[in-house]
Amino acid sequence: MPFMLALSGFKNSGKTFLARALLAIFEGKGLSVGYVKHTDKEVLSCPSTDSGSVAAMRIPALYWGADGLRKEVPGRDMTAENIRSFFPGFDLVLIEGAKSVPLPRIWVGTLRSVPGEVPGIFAVYDRTAAAGDGSFLFSSGEERALADRLEVYLSKSRPPAELYVRGELIPLKPFIAEMLAGTLAGMIGPLKGVNSLRDGADIFLKGTK
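This report concerns the structure included in the present document. Just so you know, these numbers come straight off a predicted model, no measurement behind them.

So, about the side chain of S8. Relative to the assigned elements, S8 resides in strand 1 (residues 3-9). Looking at S8, the relative accessible area reads 0%, which means it is buried. The residues touching S8, leaving out its near neighbours within four places in the chain, are K15, G97, A98, K99, R105, I106, W107 and V108.

Moving on, we get to the side chain of K15. Position of K15 among the secondary structure elements: in helix 1 (residues 15-28). One buried charged side chain, K15, makes no salt bridge at all; its nearest oppositely charged neighbour is E96, positioned 4.8 Å away. The contact partners of K15, leaving out residues within four places of it in the chain, are L7, S8, G9, F10, E96, G97 and V108.

Another aspect to go through is the pattern of salt bridges. When the charged atoms of two side chains lie near each other, side chains of opposite charge can form a pair. Summed over the entire model, instances satisfying the criterion amount to 3 salt bridges. Here D148 makes a salt bridge to K29, at a shortest N to O gap of 4.0 Å. Linking D148 in helix 4 (residues 143-157) with K29 in the loop between helix 1 and strand 2 (33-37), this pair joins segments that are 119 residues apart in sequence. You can call K29 partly exposed: its relative accessible area is 36%. The shortest N-O distance in the salt bridge between K29 and E151 comes to 3.2 Å. Within this pair, whereas K29 is found in the loop between helix 1 and strand 2, its partner E151 is found in helix 4, the two being separated by 122 residues in sequence. Since its relative accessible area comes to 32%, E151 is described here as partly exposed.

Position of Y125 relative to the elements: it lies in strand 7 (residues 121-126). When the C-alpha positions of Y125 and L18 are compared, they lie 8.3 Å apart, and in sequence the two are 107 residues distant. Beyond its immediate chain neighbours, meaning those up to four positions away, Y125 contacts F17, L18, I106, W107, V108, G109, F138, S139, S140, E143 and L146. Within the local environment of Y125, its side chain forms a polar contact with the side chain of E143, the two groups lying 2.5 Å apart.

Bringing the packing of aromatic side chains into the picture now. A full pass over the atoms with the stated rule returns 1 aromatic pair. For the ring pair F10 and W107, a centre distance of 5.2 Å and an interplane angle of 85° mean the geometry is edge-to-face. In this pair, F10 is assigned in the loop between strand 1 and helix 1 and W107 in strand 6 (residues 105-108), connecting sequence segments 97 residues apart. The ring of F17 carries the charged tip of R127 above its face, separated from the ring centre by 4.9 Å.

With 14 residues, helix 1 extends 20 Å from end C-alpha to end C-alpha; this agrees with the ideal 20 Å at 1.5 Å per step. Residues K15, L18, A19, A21, L22, L23, I25 and F26 constitute the buried set of helix 1. Following helix 1 by one or two positions, G30 has its phi on the positive side, about 90°.

This part takes up the pairing of strand 1. The element strand 1 is largely enclosed, with a buried count of 7 among its 7 residues. Residues of strand 1 alternate between two faces, with F3, L5, L7 and G9 on one and M4, A6 and S8 on the opposite face, all of them buried. Sheet topology note: the strand 1/strand 5 (residues 92-96) ladder contains 5 bridges and is parallel. Looking at strand 5, one finds that M4 is bridged to V93. In the sheet, strand 1 pairs with strand 6 via 4 bridges, with the strands oriented parallel. Bridge pairing in strand 6 links A6 to R105.

Criteria and cut-off values
- Residues numbered from 1 in each chain as written.
- Predicted model: local features only at pLDDT ≥ 70, side-chain atom pairs only at ≥ 80, totals over all residues.
- Heavy atoms only, no water.
- Helix = DSSP H or I, 4+ residues; strand = E, 2+ residues; numbered from the N terminus.
- Buried < 20%, exposed > 50% of the residue type's maximum accessible area, 1.4 Å probe, protein only.
- Contact = heavy atoms within 4.5 Å.
- Lys, Arg positive; Asp, Glu negative; His and termini not counted.
- Salt bridge = Lys/Arg side-chain N within 4 Å of Asp/Glu carboxyl O.
- Polar contact = N/O pair within 3.5 Å; in protein donor to acceptor, adjacent residues only side chain to side chain.
- Phe/Tyr/Trp six-rings, centres within 6.5 Å; stacked < 30°, edge-to-face > 60°.
- Lys NZ or Arg CZ within 6 Å of the ring centre and 35° of its normal.
- Expected span 1.5 Å × (residues − 1).
- Pairing = 2+ DSSP bridges.

Here's what the structure looks like:
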């Protein structure tokens, strides 16, 4: 289950700049990272277009274009669990925006601009500050120090095993996750072609009647 982190702030505060910096740092550390941009603007095609007419049918769809992929799942509100289901096995997913979603978050902006009603703020990234304090406030040029702090959360957040059925994350009690991880690692570790499980493994089960 990936660690979910929101980067929230007002327009032109530097959210995308910070997201790119953190993604590059963590990818350089060998972690699998994902990115979600949350916006209030409409992103689906107009119903009068071909793709828009299919989207209006409210059928799950994957759109593949020159600039990338977009997955649409009708009827799903934006929640942390729904986002996690799109990134099974990932280490970290950064969500740009998502002020209303209950997640741990970095507020991108000045200390004075931090709103009291936005939950989960544990750090502030202010590009206009002369320097940060290394704990709560971080400034431009201190992205790696901020990433180091995030690694503490990452090391504590991931269970040893995750179970997804039809794309839905199934909650596992800690001892069940430990048992699954230990059993599967013991069975597949000695198989030919499995040189290491340091980066984990994906297992897909065929459907049963």
